[in-house]
Amino acid sequence: MPVQSPIEISNRAIEHRDDVDPLEYHGHWEPVGIARATNTGTSAMVTFSKRNQQPFITGGPLGHNRYIFEQIHFHWSETDESGCEHTLEGIKYSMEAHAVHYNSKYKNFNEAKNKSDGLAVVAFFIQACGDKDCPEFQKITEGIRIVRKPNTTTALDSDCLSWIGLQELSKHYYTYKGSLTTAPYFESVTWILYRTPIYVSKGQVAEFRQLQYCPKDENKKIGANFREIQVPHKDPEVFFARNINKPKSKL
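Remember, it's a predicted structure, so these values are computed and weren't measured experimentally. (Residues numbered from 1 in each chain as written. Predicted model: local features only at pLDDT ≥ 70, side-chain atom pairs only at ≥ 80, totals over all residues. Heavy atoms only, no water.)

### Re the environment of Asn-11
Next up, step 1: Within the element layout of this structure, Asn-11 appears in the loop between β1 (8–9) and β2 (15–17).
Next up, step 2: Separated by 126 residues in the primary sequence, Asn-11 and Phe-137 have C-alpha atoms spaced 29 Å apart. (Helix = DSSP H or I, 4+ residues; strand = E, 2+ residues; numbered from the N terminus.)

### Focus on the nonpolar core
Next up, step 1: By size, the foremost hydrophobic cluster in this structure holds 45 residues, and its most contacted members are Phe-74, Ile-140 and Trp-163.
Next up, step 2: Leaving out residues up to four positions away in the same chain, Trp-163 has contacts with Ile-72, Phe-74, Ala-97, Phe-124, Ile-126, Glu-136, Phe-137, Ile-140 and Ile-198.
Next up, step 3: Core analysis: the second largest hydrophobic core is formed by 25 residues, Ile-68, Cys-84, Tyr-106 and Val-121 among them. (Core = buried A, V, L, I, M, F, W, Y, C linked by side-chain atoms within 4.5 Å. Buried < 20%, exposed > 50% of the residue type's maximum accessible area, 1.4 Å probe, protein only. Contact = heavy atoms within 4.5 Å.)

### Looking at unusual backbone geometry
Next up, step 1: Residue Pro-6 follows Ser-5 across a cis peptide bond; omega there is 5 degrees.
Next up, step 2: Along the chain, the position of Pro-6 falls in the segment before β1.
Next up, step 3: Geometrically, the link from Ala-183 to Pro-184 is a cis peptide bond, its omega value of 10 degrees lying close to zero.
Next up, step 4: Even without a glycine there, the phi angle at Asn-151 is positive, about 65 degrees.
Next up, step 5: By the element assignment, Asn-151 lies in the loop between α2 (135–144) and β11 (153–156).
Next up, step 6: Although it is not a glycine, Tyr-185 sits at a positive phi angle of roughly 60 degrees.
Next up, step 7: When you line up the elements, Tyr-185 lands in the loop between β12 (173–178) and β13 (189–194).

Put into structure tokens, the structure is as follows:
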């Protein structure tokens with residue numbers, strides 16, 4: 001039964017599985033088409049256009065269903081000590097990125113968003129650490145510097161999500177049925193949450209805190225945009241895919 005998200009994940013209260021088919025990623029960092037970063041006034045969002053085919057994921061907890069990439073956005077806080085939405089064994093990371101996908105059985109995201117099998121959101125913890133920039137993530141932060149004001153957009157390198165590939169994507173993730181973490185909080189999401197954080201510099205995370213939510217006042221910035229942990233009425237079924245099967249990850 002779905003629950004409201006985000007949740008606290010504890011390894012003591014989940015089921016470990018080794019028999020899950022690998023997740024497959026298709027096209028998420030292809031050097032084709034156009035990528036754009038937008039300051040939505042509540043977050044930073046990256047979208048793709050002018051591609052022959054949008055990226056998609058399949059396999060793992062999604063089975064044979066194909067979930068099409070809609071956008072990726074970010075959550076953060078005023079400091080590096082918090083900002084993620086989910087927590088793992090009580091640990092709070094600096095940011096959390098959500099790659100939103102919708103089930104291809106529906107014609108678009110809007111049709112899918114309130115269906116029980118409508119959405120799959122892939123979540124990545126991001127941790128600020130030291131002064132050394134992550135080169136792959138720099139393609140995102142270079143765009144963030146340009147879109148300080150709300151409702152502004154800039155072009156990015158089409159392979160700007162290559163930092164996702166720093167993960168071992170086919171395994172070592174948690175999955176459960178939950179909700180969107182922004183209104184109207186539809187309980188329509190299959191969550192896929194990777195255990196290992198992606199490490200970037202403190203300066204790269206700080207760029208997100210410079211985004212404004214008010215176009216007329218540069219001092220009014222998006223200091224924090226994460227939802228607090230939701231306490232479920234019933235403990236959700238959370239699975240951890242260790243996955244000893246042969247990985248599959250494709251461009």
